Amino acid sequence: MKYGILDGSGEVMLSFVAPTTLIDNSPAVAMDAVSLKRYTSSHKAQRWEIKSRLYPESGTSVAMVHSLQHKHTAQFWVRPPQPWRVAATNTRPARLNVLSGAKGSDTVQVDNTQGLISAGTLVCFSNHDKVYALITDFKPGGNSAMLTPPLQKAVEGSRMIHTAKDVRMKVRYDTTTPLGITYVDGVLSDAGEVTLVEAL
């Protein structure tokens, strides 16, 4: 499965190229006392960030045009990278019915009578755009698992949980990402490394 920036039809037009980094940005502060005891505090806010080079599926001008069109403010969709072994061991369909999940909860229940969705899988829900990561397995015959961050919005019984190819993340180019194209030797061009931040 390819991961990267999606076109209007949901297909990858700019693939992520290894090394690719998926970052959990959860703000926290730490302070050391004179005794060297550390005090920490964190906020419930969280967003995902992706750092990667891009491989254009149909020419480097696609990367250039995309960055110039969206700049640092417009939102667009990506298929975020799933851990390889997680994607390979999942045996459930890409969509499952959600039974319950309250706003602020770190547990969700789904209709999972068979198959496995492994911890580490990125998931999203049909009623909002936030992307989550499972931190426990949805085991065959089981119907609940823990995820992070806590649910930003309640998910009712009529909603679906999406996995695998159906997971999309709404992002923007980070302001540290240059817009345009890099010429390597005057002829060859490179889309360069980009940093994408989840649009909350």
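Scroll up for the structure.
Residues numbered from 1 in each chain as written. Predicted model: local features only at pLDDT ≥ 70, side-chain atom pairs only at ≥ 80, totals over all residues. Heavy atoms only, no water.

S.K.: Mind showing me how you'd approach the overall build of the protein chain here?
M.R.: If you tally the helices and strands in the protein chain, you get two helices and 16 strands. The buried share of the protein chain, reckoned over its 200 residues, is 36%. Considering only residue pairs separated by 6 or more positions, the protein chain has 69% of its internal contacts joining residues 24 or more positions apart. (Helix = DSSP H or I, 4+ residues; strand = E, 2+ residues; numbered from the N terminus. Buried < 20%, exposed > 50% of the residue type's maximum accessible area, 1.4 Å probe, protein only. Contact = heavy atoms within 4.5 Å.)

S.K.: Could you clarify how one ought to interpret the sheet that holds strand S1 (residues 4-6) in this entry?
M.R.: Across a sheet, strands are paired by hydrogen bonds formed along the backbone, either parallel or antiparallel in direction. Pairing in this closed barrel of six strands is antiparallel, and the strands run S1-S2-S5-S16-S13-S6 around the ring. On average, each strand axis in the sheet is tilted by 45° relative to the strand beside it, whichever way the strands run. Lying on the sheet, helix H1 (residues 60-70) is in contact with S1, strand S2 (12-25), strand S5 (47-56), strand S6 (76-79) and strand S13 (169-173); it crosses S2 at an angle near 55°. (Pairing = 2+ DSSP bridges. Axes fitted to C-alpha atoms, helices over the stretch in contact; angles between N-to-C directions.)

S.K.: It is not clear to me how the pattern of salt bridges should be interpreted in this structure. Could you clarify?
M.R.: Pairing is possible between side chains of opposite charge, provided their charged atoms come close. One pass over the full model with this rule turns up four salt bridges. Here Asp129 ties to Lys170 by a salt bridge, and the two come within 3.1 Å at their closest N and O atoms. Residue Asp129 is located in strand S10 (residues 128-134), and its partner Lys170 is located in strand S13; the two are separated by 41 residues in the primary sequence. Judged by relative accessible area, Asp129 falls into the partly exposed class, the value being 36%. (Salt bridge = Lys/Arg side-chain N within 4 Å of Asp/Glu carboxyl O.)

S.K.: How should the nonpolar core be read in this particular structure?
M.R.: The tendency in soluble globular proteins is for nonpolar side chains to be buried as a group. One finds Ile5, Phe16, Leu54, Phe76, Val78, Met169 and Leu196 to be the most contacted residues of the largest nonpolar core, which totals 22 residues. Of all the elements in the fold, those that place two or more residues in this core are S2, S5, S6, strand S9 (122-125), S10, S13 and strand S16 (193-198). (Core = buried A, V, L, I, M, F, W, Y, C linked by side-chain atoms within 4.5 Å.)

S.K.: Just to check I follow, could you spell out the environment of Gly8 for this structure?
M.R.: Among the secondary structure elements, Gly8 is positioned in the loop between S1 and S2. Of the residues examined, Gly8 reaches a relative accessible area of 88% and is grouped as exposed. Along the primary structure Gly8 and Trp77 are separated by 69 residues, whereas in three dimensions their C-alpha atoms are 8.9 Å apart.

S.K.: I'm lost on the packing of aromatic side chains in this one. Help?
M.R.: Aromatic ring pairs are described here by two measures, namely the spacing of the ring centres and the angle between the planes. For the coordinates displayed, the defined rule picks out two aromatic pairs. For the ring pair Phe76 and Tyr173, a centre distance of 4.9 Å and an interplane angle of 45° mean the geometry is tilted. Of this pair, Phe76 sits in strand S6 while Tyr173 sits in strand S13, placing them 97 residues apart in sequence. Measuring from centroid to centroid gives 5.6 Å for Phe125 and Tyr132, while their planes differ by 70°, and the two rings are edge-to-face. Here Tyr132 falls in the buried class, since its relative accessible area comes to 0%. Lying over the aromatic face of Trp77, Arg168 brings its terminal NZ or CZ to 3.9 Å of the ring centre. (Phe/Tyr/Trp six-rings, centres within 6.5 Å; stacked < 30°, edge-to-face > 60°. Lys NZ or Arg CZ within 6 Å of the ring centre and 35° of its normal.)

S.K.: Is there a simple way to think about the side chain of His66 in this case?
M.R.: Tracing the backbone shows His66 in helix H1. On the basis of relative accessible area, His66 is assigned to the buried category, the value being 5%. Contact partners of His66, with chain neighbours within four places excluded, come to Ile5, Met13, Leu14, Phe76 and Tyr173.

S.K.: I keep staring at the environment of Lys170 and nothing clicks. Help me out?
M.R.: Sequence-wise, Lys170 and Gln75 are 95 residues apart; in three dimensions their C-alpha atoms are separated by 6.4 Å. Discounting chain neighbours no more than four positions away, the residues touching Lys170 are Gln75, Phe76, Trp77, Asp129, Val197, Glu198 and Ala199. Only 3.1 Å separates the side chain of Lys170 from the side chain of Asp129, close enough to count as a polar contact. (Polar contact = N/O pair within 3.5 Å; in protein donor to acceptor, adjacent residues only side chain to side chain.)

S.K.: Please clarify how unusual backbone geometry should be interpreted in this entry.
M.R.: Backbone geometry follows two general trends: most residues other than glycine have a negative phi, and most peptide bonds adopt the trans configuration. Following Ala18, the chain continues to Pro19 via a peptide bond in cis, the omega torsion being 0°. With respect to the helices and strands, Pro19 occurs in strand S2. In this structure, Pro149 follows Thr148 across a cis peptide bond, with omega equal to -5°. Within the secondary structure, Pro149 is located in the loop between strand S11 (144-148) and strand S12 (160-162). A positive phi angle, near 75°, is found at Leu36, a position not held by glycine. Topologically, Leu36 is positioned in the loop between strand S3 (28-32) and strand S4 (38-42). For Leu36, a relative accessible area of 68% puts it in the exposed group. Positive phi, close to 55°, is recorded for Ala164, a residue that is not glycine. Looking at the element boundaries, Ala164 is found in the loop between S12 and S13.

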